[in-house]
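This is what each chain is made of:
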Amino acid sequence: MNGGMDNVFRLRNGKSRSINWENRRGEKGKGEKGKGGMASSDLGPSRKGSPCIPTVHAGETVTLAEIEGPGILQHIWITVTDRVSDRNRFVLRDLVLRMYWDGEETPSVESPLGDFFCCGFGVSYSVNSLPVAVNPTRGFNMYFPMPFREKARITLENQCDEDVSAFFYQVDYCLTEQLPPDAGYFHAQWRRQRITQKGQDYVILDGVRGKGQYVGTYMALATLERYWYGEGEVKFYLDGDRAYPTICGTGTEDYFGGAWSFATQENGRTVENTFCTPFLGYPYYSVRDTAVHNDYHTDEQPPQRSFYRWHIPDPVLFEQDLKVTIQQIGVYYGGLFERQDDVSTVAYWYQTEPHEPFPTLMERKERWPR
């Protein structure tokens, strides 16, 4: 329960387990056994099992893990193709990841697969942060600890109109006799507004009831207007705040840990700089349609940018309710103006259960990037 370098030498109690397609229940002594104890490759028994789900059919929901507690998920690794065909180029937004704790009927985590791992727009790229790492090629890793008292269930829904083949995953966890009484449940929720409204703040998270702490924001921004986009302030409305928030930032790039438009001057041009650090990052910037197949690219898309901010050393605490928003404000030669852009986000937080049901997830094709 007390992980990290400061405590790595301390001997802990519990039972380490892991689930993948070879050992789907995380049973002791059953790793690499293969289905029915039979050899799964030409090399014979216990030489190479069934490393992946061969096919996730169109419209199918598969259970990746179902675990009896108490316990805590410690690490999730996933990889999958980022396209099925030219017609279905956005698999990472068509696959929906959900997580349920203690037998609940509505998910505590619901997000397109790529966005959950800070890869929006249906494409993958490197992310190097403390809780989320995306490594070549499409190696998605999540280290947020996810405690549960009775049961954990993880599902994947394929909302593509084509089958997806070779879905690899592994869930590493620890079973324990009991959890601390103050252990909260992990939550993550994806939202999108394809065109924001002038003068109305984009809502990152709302409708949260109970005690908890906000631990992170991922944002995928497709700018639909010219000029600097990042004057919008992130606001946290805590425990009954209405007209004005308790916490309000100073600008978009400031919230994500940069400054002065992330910009430097190179050969007379203003250039935005991407970066990844343990808690703050701007890992992706593209003006080209990198999801296009057949070895060519197009420049007919709005600029796409991705950002993350982890509130791990500085969680935002709430006792009763929480709302998080960001303004859509830009600047034009020194003058501020209300913008309209295409914004997608994932909010990450811990809270007591039960939680309020999430808004209905946006229809699949509405999730596709422009």
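In the block above lies the structure referred to throughout.
Calculation rules
- All residue numbers refer to positions counted from 1 along the written sequence of the respective chain.
- Per-residue local features are limited, in this predicted model, to residues with pLDDT of at least 70; the limit for side-chain atom pairs, both in listing and counting, is 80 or more; totals at the level of whole chains, interfaces and linings are taken over all residues.
- Think of the side-chain values as coming from all heavy atoms in the structure, minus any hydrogens and water.
- In this analysis, the protein atoms alone were mapped onto a 1 Å grid. Cavities are point sets where a 1.4 Å probe fits without being able to get out; pockets are open sets with protein on both sides within 12 Å along at least five of seven lines; lining residues have an atom within 4 Å of a point.
- Grid points are joined across faces, edges and corners, and a volume is the space filled by probe spheres set on the points.
- Put simply, DSSP marks the helices as runs of H or I at least four residues long and the strands as runs of E at least two long, and each gets a number from the N terminus on.
- Basically, the charged four are Asp, Glu, Lys and Arg, the nonpolar ten are Ala, Val, Leu, Ile, Met, Phe, Trp, Tyr, Cys and Pro, and anything else, Gly included, counts as polar.
- Any two of the Phe, Tyr and Trp rings considered here, Trp counted by its six-membered ring, make a pair once their centres fall within 6.5 Å; the pair's planes then place it as stacked at under 30 degrees, edge-to-face at over 60, or tilted in between.
- Exposure categories follow from relative accessible area, calculated using a 1.4 Å probe and restricted to protein chains: below 20% of the type maximum is buried, above 50% is exposed, and the middle band is partly exposed.
- Put simply, buried Ala, Val, Leu, Ile, Met, Phe, Trp, Tyr and Cys residues joined by side-chain atoms within 4.5 Å make one nonpolar core.
- Contacts are assigned to residue pairs that have any heavy atoms within 4.5 Å of one another.
- A side-chain nitrogen of Lys or Arg and a carboxyl oxygen of Asp or Glu constitute a salt bridge if their distance falls within 4 Å.
- Note that patches include only residues with greater than 30% relative accessible area and no salt bridge, and the join distances are 9 Å for like charges and 5 Å for nonpolar side chains (Val, Leu, Ile, Met, Phe, Trp, Tyr).
- Accessible surface area values rest on a Shrake-Rupley calculation with a 1.4 Å probe, where residue burial reflects the displayed protein chains alone.
- Here the rule is simple: two strands pair whenever DSSP picks up at least two bridges between them.
- In protein, a polar contact means a hydrogen-donor-capable atom and an acceptor-capable atom, both N or O and within 3.5 Å, with residues adjacent in sequence counting only if both atoms are side-chain atoms; elsewhere, any N or O pair within 3.5 Å suffices.

Participant: Help me get a handle on the layout of surface pockets, residues and values and all.
Facilitator: The probe, sized like a water molecule, is rolled over the atoms to show the empty space still left. By volume, the second largest pocket amounts to about 350 Å³. For the second largest pocket, the lining is made up of 16 residues, of which Y229, T270, E272, Y285 and R305 are closest to its centre. In terms of residues, the lining of the second largest pocket owes the most to one element, strand β19 (residues 269-272), which gives four residues. Residues that form the lining of the second largest pocket fall into these classes: eight nonpolar, three polar and five charged.

Participant: Which residues make up unusual backbone geometry, and what values go with them?
Facilitator: Of note, the bond from P136 into T137 is cis; its omega dihedral lies within 30 degrees of zero at -10°. Looking at the element boundaries, T137 is found in the loop between β8 (132-135) and β9 (139-142). Here the bond from E353 into P354 is cis, since omega is 5°, no more than 30 degrees from zero. The topology assignment puts P354 in the loop between β27 (342-351) and α4 (364-367). Of note in the backbone geometry, D239 takes a positive phi value of approximately 50° without being a glycine. Summarising the element assignment, D239 is placed in the loop between β16 (234-238) and β17 (247-248). Phi at N267 takes a positive value of approximately 55°, unusual for a residue other than glycine. As for its placement among the helices and strands, N267 is situated in the loop between β18 (263-266) and β19.

Participant: Which residues make up the packing of aromatic side chains, and what values do they have?
Facilitator: Summed over the entire model, instances satisfying the criterion amount to 29 aromatic pairs. A ring pair is formed by F256 and F307, whose centres lie 5.1 Å apart and whose planes are at 25°; its orientation type is stacked. Of this pair, F256 sits in the loop between α3 (252-255) and β18 while F307 sits in strand β22 (residues 304-310), and the two are 51 residues apart along the sequence. Residues F256 and F307 agree in their burial class; the two are buried. Judged by centre distance (5.7 Å) and plane angle (25°), the rings of Y308 and W310 are stacked.

Participant: Explain the nonpolar core to me, using residue names and the numbers behind them.
Facilitator: One finds F116, F117, M146, F167, F186 and Y348 to be the most contacted residues of the largest nonpolar core, which totals 60 residues. Not counting residues within four places of it along the chain, the set of residues in contact with F167 comprises C52, I53, V56, L64, I78, T79, V80, L95, L113 and L156. Within the second largest apolar cluster, 26 residues are counted, among which are I204, V208, Y255 and V343.

Participant: Lay out the pattern of salt bridges in plain terms, naming residues and giving numbers.
Facilitator: One pass over the full model with this rule turns up 17 salt bridges. Note that R364 is salt-bridged to D161, the shortest N-O span being 3.7 Å. In this pair, R364 is assigned in helix α4 and D161 in the loop between β11 (151-158) and β12 (164-175), connecting sequence segments 203 residues apart. Overall, the relative accessible area of 8% leaves R364 in the buried class. On the basis of relative accessibility, which here comes to 40%, the residue D161 falls in the partly exposed class. The salt bridge partner of E366 is R194, with a shortest N-O separation of 3.6 Å. With a gap of 172 residues between them, E366 in helix α4 and R194 in the loop between β13 (185-193) and β14 (202-209) connect regions that are remote in the sequence.

Participant: Give a detailed account of empty space enclosed by the protein, specifying residues and quantitative values.
Facilitator: Under the criterion given, the structure shown has one cavity of 30 Å³ or more. In this structure, the largest cavity occupies an estimated 60 Å³ of space. If you trace the largest cavity, you find it lined by M219, L221, Y229, T252, I326, Q327, Q328, I329 and D341. Broken down by class, the residue content of the lining of the largest cavity amounts to five nonpolar, three polar and one charged.

Participant: Let's hear about the environment of V171: which residues, and what values?
Facilitator: As for its position among the elements, V171 is in strand β12. Assessed through its relative accessible area of 3%, V171 is described here as buried. In the structure, V171 is positioned 116 residues away from V287 in sequence and 35 Å away in space, judged by C-alpha atoms. Setting aside residues no more than four positions away along its own chain, V171 makes contact with R17, S18, I19, A65, L73, H75, I76 and I154.

Participant: Let's hear about a nonpolar patch on the surface: which residues, and what values?
Facilitator: Taken together, M5, V8 and F9 make up a surface patch of nonpolar side chains, about 410 Å² in accessible area. Along the polypeptide, F9 turns up in the segment before β1 (15-19).

Participant: With reference to specific residues and values, describe the sheet that holds strand β24 (residues 321-326).
Facilitator: Within the open sheet, the four strands sit side by side as β14-β24-β16-β17. Their pairing is antiparallel. The open sheet terminates on both sides in strands that have one partner only, identified here as β14 and β17. Summarising the sheet, β16 and β17 pair through two bridges and their orientation is antiparallel. When the sheet's bridge partners are listed, K235 is paired in β17 with C248.

Participant: Go over the environment of I154, please, and point to the residues and values.
Facilitator: By the element assignment, I154 lies in strand β11. Along the primary structure I154 and D86 are separated by 68 residues, whereas in three dimensions their C-alpha atoms are 29 Å apart.

Participant: Hey, could you go over the side chain of N141 for me, with residue numbers and the actual values?
Facilitator: Within the secondary structure, N141 sits in strand β9. Given the relative accessible area of 9%, N141 is considered buried. A polar atom in the side chain of N141 sits 2.9 Å from the side chain of H75.

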